[in-house]
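What follows is the residue order along each chain.
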Amino acid sequence: MASFGQFAATSQFYLYGRRHCTQTGYLSARKKYEQPDILADPSLDLTGKVCMVTGANSGVGREVTQFLVTKGATVYMVCRSRDRAEAVRQEILAASEGRGGAELLVCDCSLEADIRRCWESFAAAQPRLDVLVCNAGVLLNDRTLTSEGVEVTFATHLLFGTFLLGSLAMPRLVESRGRLVIVSSGGMYNTKFPGMDIAGSLKGSYNGNLAYAYAKRGQVLLAEEWTKQFPEVKVVSCHPGWTATPAVDAAYGENRKYLEPMRTPWEGAEGISWLCVAPEDKIESGGFYLDRSPRAKHMSGAFFSEGSFTKNTREEVDAMMHGLQRWTSAQRPAAPTDEELASRNVAIRAPLEEATTPIETEKFMGRWFVVANIPTYFEQGMVDCIEDYVWNPKTKRIEVRFTMRNAKSGATTELLQRAKVTNTTTNTRWSIQPKFGVFLPLNLSYIIAYCSPDYSTTIIGVPNRDYLWIMSRKPSLPDQELDELIDMASRNGYDPTKIAKVAQGVFETLPEAPADEMGAEDAIPPQAPEADERAAAEEGS
């Protein structure tokens, strides 16, 4: 089914593009524009409006900048090359005949430090911002890391060039009830957002076209989310069509012939310019625009229907938003080198391995709170998930009691299991037998992928990575500590977008777990966290 979804998404986008994204598509759409055309209105006056356009010295960015300046706006051109940008700025000012203004901000949109410095410079010079056009982009065929260790395509299009800059600008845009126009691409029709690790090239094989498509899908999702968060601002994503620009020439070379007849830079920029100045009631916030009209965001089903292949779940979108915030807040994981990435990919394709650092089984016993998981069928929709482990010295087995509660009714479900340590060198691989009336001889693998040195947190998995449990001795963990454990699980091959936080403390009463109820009269019983703390205090007194 996935293969059909990919085939449908790719083939149908190309057919759609031949009809709508070429110059032919533009000329057809233009015939349907509302008249009189606001862009051709000589009375349109943007004097006093302050705009910012990234990637403003070439292609559609230059055309949008030229239009806004000609109509009287002051435009801050965010460009990487000072020399090239200054030459273009002078040309724009000369063509505008003194109506508007153009200022230069030198900035590499793939670098966090540059974006922050650029915004500080702008904010010191200007008290307002009416329009932000996030247009800077790049498409590289080879995986390339910035000097800050982030993959260039992802950093430029989504992480810093759109999310960070947009986040910094949003308070100003809210004040002015302004516009945020995100220049995405029809390339996003090929995929859903795959999660931060793949989009950010922390794992998986690198494909330049897919890296571009991932970032472009992320931009469309981001526009939708910001629309909900900031209703005062018109936030849209858009597609310039198949436009002849230096960036397209560099990326596609001879293959650009499959996109012909291509649009001129102005024909690609015209719809973006319209989004900057059209009346507020004409703009559908959160929409994905082409030629002044919001378009479908998916076409992976039969006969150009939306399908589901390119759609993200609510949890996946939330994970993307959380990841973007973390990666721009000094919590960004280090990107692997090409050699490290290749080695990691080989490891991910292999079954999950247990931790090689030995643990003391008796220290591992006790109560563990599940704070995040990829749940089994039994755990879906459950809260207050707790695992109690008891070591039975007579049978040399571990008695396991797993309790959880229905989030709505509070009804408790209890699962009993017993485990045997199968790797006695490290004690980090167990064989589990669940009890359904009797203990079933299934011998399910239970892998301790990580245990902190103080036995306060642990990551448990299974060989095929279908399920995961991140557990703590306490009912909750600080966000940063939990994020670090999720990152660790991701490096072990788990998809972080599938990992969900588990609510603890929803119901006040904690389950008791007496040893004799678990068939282990002589067992070492579990201790609640507060009991451990009391024992430690008494020992030190």
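Note that the coordinates shown come from a computational prediction; the quantities given were computed from them, not determined experimentally. (Residues numbered from 1 in each chain as written. Predicted model: local features only at pLDDT ≥ 70, side-chain atom pairs only at ≥ 80, totals over all residues. Heavy atoms only, no water.)

Student: Explain the side chain of Gln-126 here, please?
Tutor: Within the secondary structure, Gln-126 is located in the loop between α5 (112-125) and β4 (131-134). Residue Gln-126 is classed as buried on the basis of its relative accessible area, which comes to 16%. Of note is the side chain of Gln-126, whose polar atom sits 3.4 Å from the side chain of Tyr-76. Sequence-distant contacts of Gln-126, that is, excluding residues within four places in its chain, are made with Val-50, Tyr-76 and Arg-172. (Helix = DSSP H or I, 4+ residues; strand = E, 2+ residues; numbered from the N terminus. Buried < 20%, exposed > 50% of the residue type's maximum accessible area, 1.4 Å probe, protein only. Polar contact = N/O pair within 3.5 Å; in protein donor to acceptor, adjacent residues only side chain to side chain. Contact = heavy atoms within 4.5 Å.)

Student: Explain the UniProt feature "domain: Lipocalin/cytosolic fatty-acid binding" (unreviewed entry) in the protein to me, please; I cannot follow it from the model alone.
Tutor: UniProt's feature table lists "domain: Lipocalin/cytosolic fatty-acid binding" (unreviewed entry) at residues 360-504, given in the numbering used throughout. In the segment residues 360-504, helix accounts for 12% and strand for 48%; the C-alpha atoms at its two ends are 27 Å apart. (UniProt positions renumbered as here; feature names shortened; annotations may be inferred.)

Student: Hey, could you run me through the packing of aromatic side chains in this one?
Tutor: A ring pair, where both rings are aromatic, is described by two values, the distance of the centres and the angle of the planes. Scanning all chains against the criterion turns up 20 aromatic pairs. Where Tyr-389 meets Tyr-446, the ring centres are 6.2 Å apart and the plane angle is 85 degrees; that geometry is what we call edge-to-face. On the criterion of sequence distance, the pair formed by Tyr-389 in strand β10 (residues 382-392) and Tyr-446 in strand β15 (residues 444-451) is long-range, its members being 57 residues apart. Among the residues examined, Tyr-389 registers a relative accessible area of 0% and is labelled buried. Sitting above the plane of the Tyr-33 ring, Arg-292 keeps its charged end 3.7 Å from the centroid. (Phe/Tyr/Trp six-rings, centres within 6.5 Å; stacked < 30°, edge-to-face > 60°. Lys NZ or Arg CZ within 6 Å of the ring centre and 35° of its normal.)

Student: Please explain the domain arrangement of the protein as it appears in this structure.
Tutor: One widely used convention gives an interface's size as the accessible area the parts lose upon coming together. Taken domain by domain, the protein holds domain 1 (4-34 + 44-329) and domain 2 (361-501). Here the C-alpha centre of domain 2 lies 43 Å away from the C-alpha centre of domain 1. The interface is formed by 8 residues belonging to domain 1 together with 8 residues belonging to domain 2. For the pair domain 1 and domain 2, the summed buried surface comes to about 660 Å²; carbon and sulfur atoms form 41% of the total. Between Asp-487 and Arg-326 there is a salt bridge, with the nearest N and O atoms lying 2.6 Å from each other. The interface formed by domain 1 and domain 2 contains 5 residue pairs in polar contact (both at pLDDT 80 or more). Broken down by element, the residue count for the side of domain 1 that touches domain 2 peaks at 4 residues, all from helix α11 (residues 314-327). (Domains from an automatic or database assignment. Buried area = accessible area lost by both parts, 1.4 Å probe. Salt bridge = Lys/Arg side-chain N within 4 Å of Asp/Glu carboxyl O.)

Student: Explain helix α4 (residues 82-96) to me, please; I cannot follow it from the model alone.
Tutor: Side chains three or four residues apart in an α-helix point the same way, a direct result of the helix having 3.6 residues per turn. The terminal C-alpha atoms of α4 lie 21 Å apart, and with 15 residues this matches the ideal 21 Å at 1.5 Å per residue to within 8%. Against the buried residues of α4 lie α3 (59-70), β2 (74-79) and β3 (101-106). Glu-97, located one to two residues past α4, shows a positive phi value of around 55 degrees. (Expected span 1.5 Å × (residues − 1).)

Student: Is there a simple way to think about the pairing of β2 in this case?
Tutor: Each regular strand shows side chains that alternate between the opposite faces of the sheet. For β2, a buried count of 5 out of 6 residues is recorded, marking the element as mostly surrounded by other parts of the structure. Relative to β2, strand β1 (residues 50-54) runs parallel, the two sharing 5 bridges. Its bridge partner being in β2, Val-53 is matched across the sheet by Met-77. With α3 bridging β1 and the parallel β2, this β-α-β connection has right-handed handedness. Examined bridge by bridge, β2 and β3 share 6 bridges and lie parallel to one another. Across the sheet, residue Thr-74 finds its bridge partner in β3, namely Gly-101. Chirality of the crossover, the property in question, places the unit of β2, α4 and β3 among those that are right-handed. (Pairing = 2+ DSSP bridges. Right-handed = clockwise from strand over helix to strand, strands pointing away.)

Student: I'm lost on the sheet that holds β2 in this one. Help?
Tutor: What links the strands of a sheet is backbone hydrogen bonding, and the strands pair in either a parallel or an antiparallel sense. Here we have 8 strands laid out as an open sheet, ordered β3-β2-β1-β4-β5-β6-β7-β8, and mixed in their pairing. Edge positions in the sheet fall to β3 and β8 (293-294), since each has one partner strand and no second. Two elements, strand β6 (residues 234-238) and strand β7 (residues 288-290), share 2 bridges in a ladder whose sense is parallel. The partner of Cys-238 across the bridge, within β7, is Tyr-289. Sheet contacts for helix α10 (residues 265-277): β4, β5 (179-183), β6 and β7; angle to β5, the most-contacted strand, approximately 165 degrees. (Axes fitted to C-alpha atoms, helices over the stretch in contact; angles between N-to-C directions.)

Student: How do you make sense of a nonpolar patch on the surface when you look at a structure like this?
Tutor: Judged by side-chain polarity, Tyr-14, Leu-15, Tyr-258 and Phe-304 come together as a nonpolar surface patch covering roughly 410 Å² of accessible area. Of note, Leu-15 is situated in helix α1 (residues 2-20). Residue Leu-15 is classed as exposed on the basis of its relative accessible area, which comes to 51%. (Patch = residues over 30% accessible without salt bridge, like charges linked within 9 Å, V, L, I, M, F, W, Y side chains within 5 Å. Areas by Shrake-Rupley, 256 points an atom, 1.4 Å probe, with all protein chains shown as cover.)

Student: Any chance you could explain the nonpolar core here in plain terms?
Tutor: Nonpolar side chains in soluble globular proteins generally cluster together in the buried interior. Core analysis: the biggest nonpolar cluster contains 47 residues, and Met-52, Leu-129, Leu-132, Phe-154 and Leu-180 have the highest contact counts within it. At 11 residues, helix α6 (residues 152-176) tops the list of elements feeding residues into this core. With residues near it in sequence (within four places) discarded, Leu-132 still touches Met-52, Leu-165, Gly-166, Ala-169, Leu-173, Arg-179, Leu-180 and Val-181. (Core = buried A, V, L, I, M, F, W, Y, C linked by side-chain atoms within 4.5 Å.)

Student: Honestly, the packing of α3 against α4 in this entry has me stumped. Any pointers?
Tutor: Describing two packed helices takes the angle between their axes plus the distance from one axis to the other. It is the contact of α3 with α4, at a shortest axis distance of 9 Å, that shows an interaxial angle of 40 degrees. For the crossing formed where α3 meets α4, the hand is right-handed. On α4, the residues touching Arg-62, Thr-65, Gln-66, Val-69 and Thr-70 of α3 are Val-88, Glu-91, Ile-92, Ala-95 and Ser-96. Taken together, the residues that form the contact of α3 with α4 break down as 4 nonpolar, 4 polar and 2 charged. (Left-handed = near helix turned anticlockwise from the far one by under 90°. Nonpolar A, V, L, I, M, F, W, Y, C, P; charged D, E, K, R; others polar.)

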